Amino acid sequence: MRRVVITGIGTVNALAQDVPGTFAAFRAGRCGIGPLNFRDAERLSIRIGAELRNWRPEASFSAKELPLYDRVTQYALVAGAEAVAMAGLPMGLGPRGGVILGTAAGGIQTWEESYRAVFAEGRSRVSPLVVPRLMLNAPASHLSIRHGLTGPVLAVSSACASANHAMGLALQQIRAGAADVMLTGGAEAMLCFGGVKAWEGLRVLAPDACRPFSLGRRGMVIGDGAGVLVFEAEEHARARGAVPLAEVAGFGMTADAADIVAPNVAGAARAMRAALRDAGMAPQDLGYINAHGTGTLANDRAESAAILEVCGVAPPPVSSTKAMHGHAIGATGALEAIACVQALREGLLPPTLGFEAADPDCPLDIVALHARPARVEAALSNAFAFGGLNAVLAFRRA
């Protein structure tokens with residue numbers, strides 16, 4: 001079976017609009033969550049989120065390109081350009097290169113603007129570019145166009161597990177020989193009035209801060225952004241002199257087949273075991289777990305139980321970076337995979353901000369408040385989505 005490595009990473013998120021800035025924020029334990037600043041935000045009950053500040057699309061795209069791109073696609077293209085540049089990928093990969101990208105909502109801001117135009121403002125028509133802007137495959141398709149990738153290209157939408165599912169499928173494409181290089185990860189731009197208002201209805205959003213695994217936690221905080229990673233067959237990377245950042249060692253996915261929103265310990269544990277089995281790892285090989293860790297009472301309790309079931313009474317250190325970059329829904333797994341790359345390469349575990357006190361229902365070794373130095377040989381990244389869909393990736397030090 002072909003080994004798969006990561007040769008490039010790129011991101012835009014509430015912490016920074018590139019990888020160096022994001023790594024610096026992880027080291028410093030800086031929080032990207034703050035007051036929302038978009039149209040009608042004052043009408044919301046929840047007015048905080050991990051929003052990209054000072055986003056300037058005109059600095060990255062021409063006046064001709066901008067009408068084609070919802071913000072979700074803008075994020076994906078900027079993150080993808082950084083990842084491709086870091087990997088030193090040549091143009092012309094053609095059918096040996098592809099894209100699998102996750103997103104939960106696609107061009108939701110285009111939906112909102114169009115509904116406003118038709119229903120609130122009484123207009124009788126919308127732009128002919130509305131459908132190409134809002135479709136969930138727009139970010140993946142534009143990445144393939146921009147970088148000349150004509151192999152497997154598709155979008156994955158499985159709520160909060162979208163990016164992890166996308167990366168797992170990309171891993172499988174390379175292992176199967178369908179491609180040598182895949183751009184993968186996720187993008188999301190849900191921070192608009194309609195996006196937040198929909199989540200308010202679920203009553204899972206925190207009004208003040210995201211405090212994963214902490215006593216007193218009150219819910220999740222939505223974030224925006226994108227993470228794009230270059231997955232590459234190891235022999236292909238070495239043949240062109242690329243430096244692997246980490247190995248993508250395993251992937252596991254399961255379905256709870258139970259409740260549409262409630263977390264399920266058994267399904268989560270099966271996904272973690274499947275990823276370890278696929279990687280040829282034992283639980284004791286793990287030096288770090290980047291948890292799904294949303295900050296809701298039910299999720300953190302269930303995930304803690306699943307980790308203990310898989311790893312025993314002495315699991316590896318755990319953190320949730322959502323307390324810094326927010327829950328970026330379909331992109332969040334990609335941001336967390338990038339955090340795992342930093343842990344493997346720099347020996348630094350990113351912190352869980354907002355942690356106030358240990359919760360007896362979450363008896364884990366939480367990396368709380370400050371980054372922790374630790375040599376990490378292997379790491380897991382968990383994603384457990386509404387719909388009972390679980391996707392877990394295992395990474396190994398290159």
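A short tour of the structure in this document, coming up. Given the structure is predicted, the values throughout are model-derived calculations rather than measurements.

1. Examining the packing of helix α1 (residues 19–28) against helix α12 (residues 332–346)
Packing of α1 against α12 brings their axes to within 11 Å, and their N-to-C directions diverge by 70°. Relative to α12, α1 is oriented roughly perpendicular. Where α1 abuts α12, its residues F23, F26 and R27 lie against I338, A339, Q342 and E346. Counted by class, the contact of α1 with α12 contains four nonpolar, one polar and two charged residues.

2. Structural notes on the pairing of strand β1 (residues 4–13)
Most of β1 sits inside the fold, with 10 of its 10 residues counted as buried. Where β1 lies against strand β8 (residues 246–255), three bridges are found, and the strand directions are antiparallel. Paired with V5 across the bridge in β8 is E247. With nine bridges connecting them, β1 and strand β7 (residues 225–233) associate as antiparallel partners. Considered in β7, the bridge of V4 is made with A233.

3. Re the packing of helix α6 (residues 162–175) against α12
For any two helices packed against each other, the geometry is given by the interaxial angle and the distance between the axes. Their axes nearest at 6 Å, the elements α6 and α12 cross at an angle of 65°. Between α6 and α12, the interaxial angle falls into the category roughly perpendicular. Packed against α6, whose contacting residues are A163, N164 and M167, the element α12 presents G333, A334 and A337 at the interface. A per-class count over the contact of α6 with α12 returns four nonpolar, two polar and no charged.

So, how was this worked out
- Residues numbered from 1 in each chain as written.
- Predicted model: local features only at pLDDT ≥ 70, side-chain atom pairs only at ≥ 80, totals over all residues.
- Heavy atoms only, no water.
- Axes fitted to C-alpha atoms, helices over the stretch in contact; angles between N-to-C directions.
- Helix = DSSP H or I, 4+ residues; strand = E, 2+ residues; numbered from the N terminus.
- Parallel < 35°, antiparallel > 145°, perpendicular 65-115°, else oblique.
- Contact = heavy atoms within 4.5 Å.
- Nonpolar A, V, L, I, M, F, W, Y, C, P; charged D, E, K, R; others polar.
- Buried < 20%, exposed > 50% of the residue type's maximum accessible area, 1.4 Å probe, protein only.
- Pairing = 2+ DSSP bridges.

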